[in-house]
Amino acid sequence: MSIEPGTYRLGPENATLSVRTGRRGAAAKAGHDLLIEVSAWGATVQTGADPQATVLELTADASSLRVREGSGGMQSLGEDEKENIEQTINDEVLKGLEIVFRSRSVESAGDGKLNVKGDLELAGGINPIEFEMSVEDDGHVTASAVVKQTEWGMKPYSALFGTLKVADEVEVFDDGRLTPV
């Protein structure tokens, strides 16, 4: 990472924060793999000359998750179904609680990649999580983490008497450009 030391911001105006879900169970072909975008969030990245001086903080409004795409399934996902999924995520899965991440350590992995370790507060639980983040010289940043819902006390959504389930592990990813504060 060779961007100038300083404080940078990421948010919906310069980045995309998304969640990708999968499906499991005997009736999995009836469901959809979802691409969900977080529409209200913000992150601050404070960098130093040494990657270990880097601090990342992110907050997201759990009620701002919007279903952008549903792939697979027996039929296409309509607007009413998307709205029902969004309400279920907010009311039953995330319970409207703010999502917060704070880094504890950031280490260089070479080639502009960073190993980030920190604590994720999600659905009322706080657990450690680690992921890789890539920062290019022009400030383009990508990151991806796998969140296992049950580790935060969340019960993955199920329907059809449990024969259709959202996979326990969901992928959270970010793609954007750091903007100096």
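Residues numbered from 1 in each chain as written. Predicted model: local features only at pLDDT ≥ 70, side-chain atom pairs only at ≥ 80, totals over all residues. Heavy atoms only, no water.

Draft legend 1. Geometry of the environment of Lys 29. Relative to the elements of secondary structure, Lys 29 occurs in the loop between β3 (23-24) and β4 (33-38). Counting along the chain gives 44 residues from Lys 29 to Gly 73, while the straight-line C-alpha distance between them is 5.3 Å. Residues in contact with Lys 29, not counting those within four places in the same chain, are Arg 23, Gly 73 and Met 74. (Helix = DSSP H or I, 4+ residues; strand = E, 2+ residues; numbered from the N terminus. Contact = heavy atoms within 4.5 Å.)

Draft legend 2. The nonpolar core, seen in detail. Counting 42 residues, the largest nonpolar core has Trp 41, Leu 94 and Met 133 as its most contacted members. Ignoring anything within four residues of it in the chain, the contact list for Met 133 reads Leu 56, Gly 112, Lys 113, Leu 114, Val 116, Val 141, Thr 142 and Ala 143. (Core = buried A, V, L, I, M, F, W, Y, C linked by side-chain atoms within 4.5 Å. Buried < 20%, exposed > 50% of the residue type's maximum accessible area, 1.4 Å probe, protein only.)

Draft legend 3. Representation of the environment of Ile 85 in the model. Note on placement: Ile 85 falls in helix α1 (residues 79-93). Each C-alpha atom, one on Ile 85 and one on Leu 65, is 9.7 Å from the other, the two residues being 20 residues apart in sequence. Discounting chain neighbours no more than four positions away, the residues touching Ile 85 are Leu 34, Val 67 and Leu 77.

Draft legend 4. Region of the structure containing the pattern of salt bridges. Throughout the structure, instances matching the rule amount to 6 salt bridges. When the shortest N-O distance is used, the salt bridge between Asp 119 and Arg 104 registers 3.2 Å. Of this pair, Asp 119 sits in strand β9 (residues 113-122) while Arg 104 is found in strand β8 (residues 99-110), placing the two residues 15 residues apart along the sequence. Its relative accessible area of 28% is what places Asp 119 among the partly exposed residues. (Salt bridge = Lys/Arg side-chain N within 4 Å of Asp/Glu carboxyl O.)

Draft legend 5. Representation of the sheet that holds strand β11 (residues 140-148). Within the open sheet, the 12 strands sit side by side as β7-β4-β2-β14-β11-β10-β9-β8-β6-β5-β1-β15. Their pairing is antiparallel. Two strands close off the open sheet at either side, each with one partner strand: β7 (65-71) and β15 (179-180). The sheet contact formed by strand β10 (residues 125-135) and β11 spans 4 bridges and is antiparallel. Bridge pairing links Ser 134 to Thr 142 in β11. Of the strands in this sheet, β4 and β7 are in contact with α1, which crosses β7 at around 130 degrees. (Pairing = 2+ DSSP bridges. Axes fitted to C-alpha atoms, helices over the stretch in contact; angles between N-to-C directions.)

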